[in-house]
Amino acid sequence: MRSEKIAAKIWLMVEVAAERGKQLSSRVSEEGAGWSCQQIGTFAQLRPDRDGFSWLNPRTLWRSRNEILAGLFGDPSGEVRARWVEAQEARGADPEARVRPGLGPSFDFLLLGDTGEGDASQYAVVPGLLRLSEGTSFAVVASDVIYPAGSGNEYGDKFFRPYKDYRAPIYAIPGNHDWYDGLGGFMRVFCDAPALRPKPDSGWLRGLLWRKPEPVDERRLAEARELRGLPSQRATGPAAQPGPYWAVESESLLVVGVDTGIAGLIDARQAEWLRRVSRDPRPKVLVTGKPIYTRNDYKPSPLEGGGTIDDIVRDPAHRYVAAIGGDVHNYQRYPVRVGDRVIQYIVSGGGGAFMHATHTIRRVDVAGVREDDFRCYPLRGDSLSFYSQLYARRLRMKWVCLTPAEAACIMSEQIKNDPVRPVHGPVRITRRMRWAARLLGAWPWPLRLPVDRVFHRYLSEVSDWDTPPFFKQFLRLSVTPETLTVRCFAATGCLAQELEPPLEDEVSISLS
Ligand SMILES: [Fe+2]
C-alpha cells in the first residue's frame, strides 16, 4: 500500500513538472530557450577545477586516430567486440545478455546521449536531470560516455563526478569515441572486466598504428567509483551490465541496447543475439549508438551477413515501438508509419557534448514523415541564432549576428512553415541577414562555416563554453503495461530552467 502511495506521488510529480515544463519551453518563449538568462545555474559549482582536454591539441587528434584508421583499413570493432563478449561469458556473464533489475510492470528511466566532455555543457544537464530523476529505476547513457578517446582514467570527472548524486544504476552503450580505447575503459567501468589479452590485428598496418586500450590506473578508478558507491547506485548480480550490448528486462517492456562500434556495423554474433532477443513477445525500445533517421535522412546500421538493424526494428513480430540513437548532439523525432503502426525514431544526443546544428535540417520529408510531424530541439531558429552569435563573438564577424527572432523568421521562410515560437513585433529580413544565414548553412551553399561535427572537433575550442544557452536535453521515459511516455526535457545552463526544466517534446505510445 505504501509503495503504491509513493508511486502515485511520483506520477503526480512528473505530470505536474511536464505540464509546467510545456508552458516554459523554447516552443513558447525566448526565456524558455535560455536566451535571457537572469542567473547562471548551480552547475558551475559542480564542475571540476581543471580544464578538460583540448580538441586542438595534436595529442588529442592522435588519440582519436582509430576513426581514420577504421575508415582507411576497415573497422575491427566487430572482431574485438566478439573477444570481449567471449571473455565476459567465460567469467560467467549471461550469454543472452539480459539485465534483470527486478522491475515491476510500471517504472521510469532516464536516457542521455553523448555525455562525456567533462565541461560546462555536460555539467549543465545535471541539476535538471537530478530534479526529474525521482522515482527512476535506472539511467542509460547512449553513446560517447568519454571524449575524446574513451580512456578508463577519465571516468572520474566525466562520469562518476557529474552523476554522483543520481541514486540508481547507470547502464551504457558505447559510442565511436569509447571505441578509440578498444573499449578498454568502458568494459572496465561498466562490466568490471579485466583488460583483454593483446592479439595481433588481422591487418598489419592498422595493427601497427591502432591505438590500444590505455592501462587503467586502478587506484584512481577505485577512488572515482567511490563517488557512486551507494548500494542503490551499483548494478550487481542479475542487474549487472553483461557487456557492450544488453537487454534490460521488465514485465512490460524490453530496453535493448546495441553497440554500433566505430563505423556502425553490427557484427555477426551481436546480430544473431539481436534476432534472438527481438523474438521475445514483449514490446521493445531499441537504444543504439547511431540513429536510424537523422537530419531528414535514413541511415540504418548494416548487419554483418546481410540486412540492417532497421529490418529487425520494423518486423511487426518484434514489437519495437521506438528506436533511440545518440551520436548526433541534439534532439530529433520522426514518427514513421510502418504498416498499421507508428514507430518513433528519435535522436537523443544532447546529453553533454557541444550542440550540433538543427538549422541545417531541410524541410522534413522522409519515410512519409512530413515537416509538421517532425520535432527537434533546439528549434532551427535558435540553432541558427546560436551559431551566428558564436561566430560573431569569437571570430569577430559581427555582421553574421542574428537575433533569435530574426533567425526564426529566416528559418520559417526556408522551411516554409510558421515560426514554431510566436515572433513578436515586425522583423525585417535584410540582405545582410540572408548572407549570414547562407554562410551558416541555413540553405545549401558551397561556402559554409562548420556547424556540426567539424565545428565540434576543431572550433568548439574557440567558442565560449561557459555562457548559456547550451541547448542540452535528456529523456525521461515512463512505462506502464499500457503505455510508454517519452518526454524530452531541456537544460539551458540558466538557473530558471534548472529549477523547472522545460518540456520540449512528449509522445505517448501504446504498448497493448
Ligand atoms: Fe558524440
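Notes on the structure follow. Fair warning: this is a prediction, and the values are worked out from it, not measured in the lab. (Residues numbered from 1 in each chain as written. Predicted model: local features only at pLDDT ≥ 70, side-chain atom pairs only at ≥ 80, totals over all residues. Heavy atoms only, no water.)

1. Focus on the sheet that holds strand β4 (residues 170-173)
As a general point, the strands of a sheet are linked pairwise by backbone hydrogen bonds and lie either parallel or antiparallel. Basically, it comes down to this: Strand pairing is defined by DSSP finding a minimum of two bridges between the two strands. Secondary structure counts use DSSP, requiring at least four H or I residues in a row for a helix and at least two E residues in a row for a strand, with both numbered from the N terminus. Lines fitted to C-alpha atoms define the axes, with helix axes restricted to the stretch in contact, and inter-axis angles between N-to-C directions lie between 0 and 180 degrees. Any pair of residues with heavy atoms lying within 4.5 Å of one another is described as a contacting pair.
Taken in spatial order, the 6 strands of this open sheet run β4-β3-β2-β16-β17-β18, and their pairing is mixed. Taken across any chain shown, the strands that pair with only one partner, and hence form the sheet edges, are β4 and β18 (503-510). Strand-to-strand twist across the sheet, computed as the mean angle between neighbouring axes with direction ignored, equals 20°. Where strand β3 (residues 136-142) and β4 come together, 4 bridges link them in parallel fashion. Directly across from V141, in β4, lies its bridge partner A172. The strands touched by helix α1 (residues 2-23) are β16 (472-479), β17 (483-491) and β18; relative to β17, the strand with the most contacts, the crossing angle is about 50°.

2. Quick word on the side chain of Q344
Using the following cut-off: The buried label goes to any residue with under 20% of its type's maximum accessible area, the exposed label to any with over 50%, and the partly exposed label to all in between, with areas taken from a 1.4 Å probe on protein chains only. Here a polar contact means two N or O atoms within 3.5 Å. Within protein one must be a hydrogen donor candidate and the other an acceptor candidate, and residues neighboring in sequence count only if both atoms are side-chain atoms.
Within the secondary structure layout, Q344 lies in strand β12 (residues 341-348). Judged by relative accessible area, which is 7%, Q344 ranks as buried. Side-chain polar atoms of Q344 contact the side chain of R333, separated by 2.9 Å. Beyond its immediate chain neighbours, meaning those up to four positions away, Q344 contacts V321, A322, A323, R333, Y334, P335, V507 and I509.

3. Some words on the sheet that holds strand β6 (residues 254-257)
Taking strand neighbours across the sheet as the criterion, the 8 strands line up as β1-β5-β6-β7-β10-β12-β11-β15 in an open arrangement whose pairing is mixed. Single-partner strands in this sheet number two, and they are β1 (98-99) and β15 (375-377). Pairing between strand β10 (residues 320-325) and β12: 4 bridges, direction parallel. Note that in β12 the partner of I324 across the bridge is I346. Docked against the sheet, helix α14 (residues 268-278) engages β1, β5 (246-249), β6, β7 (284-288) and β10, running at close to 170° with respect to β6.

4. Description of the packing of aromatic side chains
Geometrically, a pair of aromatic rings is defined through the distance of the ring centres and the angle of the planes. Just so we agree on the cut-off: Stacked, edge-to-face and tilted labels apply to pairs of Phe, Tyr and Trp rings (six-membered ring for Trp) whose centres lie within 6.5 Å, assigned for plane angles under 30 degrees, over 60, and everything in between, in that order. Consider the ring centre and the ring normal. A charge sits over the ring if Lys NZ or Arg CZ is within 6 Å of that centre and within 35 degrees of that normal.
Tallied over the entire structure, the rule returns 24 aromatic pairs. Between F474 and F489, the ring centres sit 5.9 Å apart and the planes meet at 25°, which makes this aromatic pair stacked. Placement of the pair is F474 in strand β16 and F489 in strand β17, with a sequence separation of 15 residues. The exposure classification of F474 matches that of F489, with both residues buried. Taken together through their ring pairs, the aromatic side chains of W35, F354, Y377, F386, Y387 and F471 make up a single cluster. In this arrangement the basic side chain of K284 is found over the ring face of Y320, its NZ or CZ atom lying 5.8 Å from the centre. In this structure, R438 is placed above the aromatic ring of W445, and the distance from its NZ or CZ to the ring centre is 5.3 Å.

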